[in-house]
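A closer look at the structure
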Amino acid sequence: MSNNSTKNSIFKKRNMVLLVISAVLVLLSRLAKRIGFNNPFLVEKYFSRGLYPVSSKIQTSIANLFPFSLYELVIIVLVAYGLYRIVRLIRSVKKKEFAREILSFATVVILLSSIGIFLFQFLWSLNNYRLPLKDQLGLNVKETSVEDLAKTYEALILKANDLRNVLSNVQDTASDKTRIKHILETAWEGYRPLSEKYDLFHANRVRVKGLLFSRIQTISGYTGVYSFISGEPNINIEPPLVTLPHTACHEIAHQMGITFEDEANYAAFLSCKNHPDILFQYSGYLSAITYTGNALYRQSPELYREVSSLLSDSIKSDQNEIREFWDRHQKETASKIADKVNETYLKSNNQPSGMQSYGKFVDLLIADHLEDNSI
């Protein structure tokens, strides 16, 4: 047998082995997804409260050692590798080895994709099938009247007004860069009191990472991303400062295995509410009044305007700043593409209402308020 024949034989066997491994990883991922979908109690017991806390703690402990985002580093490496393989493809044309090179490249892409799918499922995504947050926190979420929505909105406004007033009195002269660093380093502290009340949360330190390429997220209209590969909460640090604490706590909620966006928003609200820093507390309430206000406006514009008249001038100024920021920077085409990708992801991971699931945050807030007429 010639040397070329031997090389071709080894090449074919290698590709076949890699394709078989890829197929096995995808099948295992799909099997786990099917089992999880039909057995939320098993997922909760053996994954969300069994395997996941261990694996995520290891990931986060490693990620905490680095001041930069490992998630962004992985993206840069993958892009660099992709460019390298494209150069190899171009060079292979001159060497008359294009067919061999394209087959090798395709095999690697399939393998990396299957590894990504496998890790995504077993390092995080199975949490999509765990028991609902409302049940674990004992909240009675049900259909409520517009009046209940309005009362919740009003209660949130009154609390936000008080916090904004205190915030104005204690604001220091630190630079935004220093404040952002403080937010990233201390966001986890709001979960410490929650961990004493609910075993769903933990009190472990989680270092939130500010994205170096925040402008990409800004253009797409997004504020953060959780990396299942590195166990890192990452946030866009360009939006107005008052929005960043709630965003940081939202991404930490994902790190704790709370995958649904509406549930992560509510967990972040609770974390901000229990945080020792006034800025965090205000950020949580500011986010809550934004969601409840939008929901009330859709139901009753007149009632919305009536209750919104209670907003302090400082909060109105903050809301205008946030609105103007996104109007100025968000690109409509990029945002639509990002929304479509995100909606496809949500629907494929047990969040059938897609982007609309963000509105369910309000249902949790109302249930919280109705529990004892306070929030």
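None of the values given here were measured: they were computed from a predicted structure. (Residues numbered from 1 in each chain as written. Predicted model: local features only at pLDDT ≥ 70, side-chain atom pairs only at ≥ 80, totals over all residues. Heavy atoms only, no water.)

1. Comments concerning the overall build of the protein chain
In terms of helices and strands, the protein chain carries 16 helices and three strands. Counting over 375 residues, the protein chain shows a buried share of 46%. Residue pairs in contact within the protein chain that sit at least 24 positions apart in sequence constitute 76% of those at least 6 positions apart. Per element, the accessible surface of the protein chain, about 19,800 Å² overall, is 60% carbon and sulfur. (Helix = DSSP H or I, 4+ residues; strand = E, 2+ residues; numbered from the N terminus. Buried < 20%, exposed > 50% of the residue type's maximum accessible area, 1.4 Å probe, protein only. Contact = heavy atoms within 4.5 Å. Areas by Shrake-Rupley, 256 points an atom, 1.4 Å probe, with all protein chains shown as cover.)

2. Here's the deal with helix α10 (residues 244–255)
Spanning twelve residues, α10 covers 17 Å between terminal C-alpha atoms, matching the ideal 16 Å at 1.5 Å per step. Of all twelve residues in α10, twelve are buried; the element is thus mostly enclosed. Looking at α10, one finds that the buried residues are L244, P245, H246, T247, A248, C249, H250, E251, I252, A253, H254 and Q255. Looking at the residues trailing α10, positive phi occurs at G257, about 90°. (Expected span 1.5 Å × (residues − 1).)

3. Regarding the packing of aromatic side chains
Considering all chains together, one arrives at 16 aromatic pairs under this definition. Centroid distance F118 to F122: 4.7 Å. Interplanar angle 40°. Geometry classified as tilted. A residue pair is termed a helical-turn pair when its members lie 3 or 4 positions apart in one helix, as F118 and F122 do in helix α4 (residues 98–123) at four residues. Geometrically, the ring pair formed by Y191 and F201 is tilted, given 5.6 Å between the ring centres and 45° between the ring planes. (Phe/Tyr/Trp six-rings, centres within 6.5 Å; stacked < 30°, edge-to-face > 60°.)

4. A look at the pairing of strand β3 (residues 232–235)
It is a general feature of regular strands that their side chains alternate between the two faces of the sheet. Taking every second residue as pointing to the same face, both faces of β3 are buried, with E232 and N234 on one and P233 and I235 on the other. Note: strand β1 (residues 209–210) against β3, two bridges, orientation parallel. Among the inter-strand pairings, K209 is bridged to a residue of β3, identified as N234. Strand direction decides the pairing type here: strand β2 (residues 224–227) and β3, joined by four bridges, are antiparallel. Following the sheet pairing, G224 is matched in β3 by I235. (Pairing = 2+ DSSP bridges.)

5. Concerning empty space enclosed by the protein
For the structure on display, the rule yields one cavity of 30 Å³ or more. What lines the largest cavity is simply R130, L131, P132, L133, Q136, L200, I258 and E263. Residue classes in the lining of the largest cavity are distributed as five nonpolar, one polar and two charged. (1 Å grid on protein atoms, 1.4 Å probe; cavity = no way out; pocket = protein on both sides within 12 Å on 5 of 7 lines; lining within 4 Å. Points joined across faces, edges and corners; volume = space filled by probe spheres on them. Nonpolar A, V, L, I, M, F, W, Y, C, P; charged D, E, K, R; others polar.)

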